[in-house]
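Now for the letters of each chain:
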Amino acid sequence: GPKVLQIPSHQIIDMGQMVTLNCDPVSNHLYFYWYKQILGQQMEFLVNFYNGKVMEKSKLFKDQFSVERPDGSYFTLKIQPTALEDSAVYFCASSFQGLSNERLFFGHGTKLSVL
Amino acid sequence: TQTVSQSDAHVTVFEGDSVELRCNYSYGGSIYLSWYIQHHGRGLQFLLKYYSGNPVVQGVNGFEAEFSKSDSSFHLRKASVHWSDSAVYFCAVSLNYGGSGNKLIFGTGTLLSVKP
């Protein structure tokens, strides 16, 4: 079935550095999402994105976070600078129409370890 | 504010047993309810969803869930579990607004362990 790919699967960086997490969503999908999961706990919504714009973001989406998808390439989550509390697994998801009755397709996640 | 509550953090059953994973929500308006499964180290996979109509909805791999407005619940059930059903199960709600992105609010998850 349709797949969302996330690159890399694991990223280790020093606190204060910049990191970019990459997501290749399902090819015909138009809405993109990032979720954060700490230590196998609850999945927390970060942001959703459509037509080049952030539609909605949560309190977890700090000023150090940004998202973009330049010209249909990867949908990226950039954190600059990183903090220790940013260590988590970040899941990318996509959907076609962005409707509430649609299922989301999730990637396998990128584990971010901030040292 | 909408919330999702999964009261059981961990459920252990034997292969062939039936299982029910509980989910309760609080929200007064129109919502969509869904269940997702997460195998260890993997992303979430969709199981089933409900918005209206028949309160019992069928999903993949023999799972079904029943919506109850009076109980504000959407419990997930399976009649006979297999060891491969061992995973974390997340209940989720999303508000009924269209076209501006589907923001899912997840419960804390229930780890299902199926013993042989």
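Just so it is clear, the model here is predicted, and its values are computed rather than measured.

A. Looking closely at the overall build of chain A. In terms of helices and strands, chain A carries zero helices and eleven strands. Going from N to C terminus, chain A has its helices and strands arranged as β-β-β-β-β-β-β-β-β-β-β. In terms of C-alpha radius of gyration, chain A reaches 13 Å, essentially the compact-globule figure of 13 Å for 115 residues. In terms of overall dimensions, chain A has C-alpha extents of about 35 × 25 × 25 Å along its principal axes. By residue count, 46% of the 115 residues in chain A fall in the buried class. Surface accessibility of chain A: about 5,800 Å² in total, with carbon and sulfur atoms responsible for 51%. Within chain A, the 10 negative side-chain charges are centred at a point lying 3 Å from the centre of the 10 positive side-chain charges.

B. Structural detail: the side chain of Q6 of chain A. All names here are of chain A. With respect to the helices and strands, the residue Q6 is situated in strand β1 (residues 5-7). Look at Q6 and you get buried, because its relative accessible area is 12%. Within the local environment of Q6, its side chain forms a polar contact with the backbone oxygen of Y90, the two atoms lying 2.9 Å apart. Not counting residues within four places of it along the chain, the set of residues in contact with Q6 comprises N22, W34, Y90, F91, C92, G107, H108, G109 and T110.

C. Focus on unusual backbone geometry. Residue and element names in this part refer to chain A. A cis amide bond links I7 with the next residue in sequence, P8, at an omega value of -5°. Positionally, P8 belongs in the loop between β1 and β2 (10-13). Omega for the bond connecting Q80 with P81 falls within 30 degrees of zero, at -5°, which places this linkage in the cis form. Phi is positive for N51, which is not a glycine, with a value near 55°. With respect to the helices, strands and loops of the structure, N51 is situated in the loop between β5 (43-50) and β6 (53-57). According to the relative accessible area criterion, N51 is exposed, its value standing at 59%.

Each value, and the rule that gives it
Residues numbered from 1 in each chain as written. Chains lettered and ligands numbered in written order. Predicted model: local features only at pLDDT ≥ 70, side-chain atom pairs only at ≥ 80, totals over all residues. Heavy atoms only, no water. Helix = DSSP H or I, 4+ residues; strand = E, 2+ residues; numbered from the N terminus. Rg over C-alpha atoms; globule rule 2.2 N^0.38 Å. Buried < 20%, exposed > 50% of the residue type's maximum accessible area, 1.4 Å probe, protein only. Areas by Shrake-Rupley, 256 points an atom, 1.4 Å probe, with all protein chains shown as cover. Lys, Arg positive; Asp, Glu negative; His and termini not counted. Charge placed at Lys NZ, Arg CZ, Asp CG, Glu CD. Polar contact = N/O pair within 3.5 Å; in protein donor to acceptor, adjacent residues only side chain to side chain. Contact = heavy atoms within 4.5 Å.

All we've got here are geometric facts, nothing functional implied.
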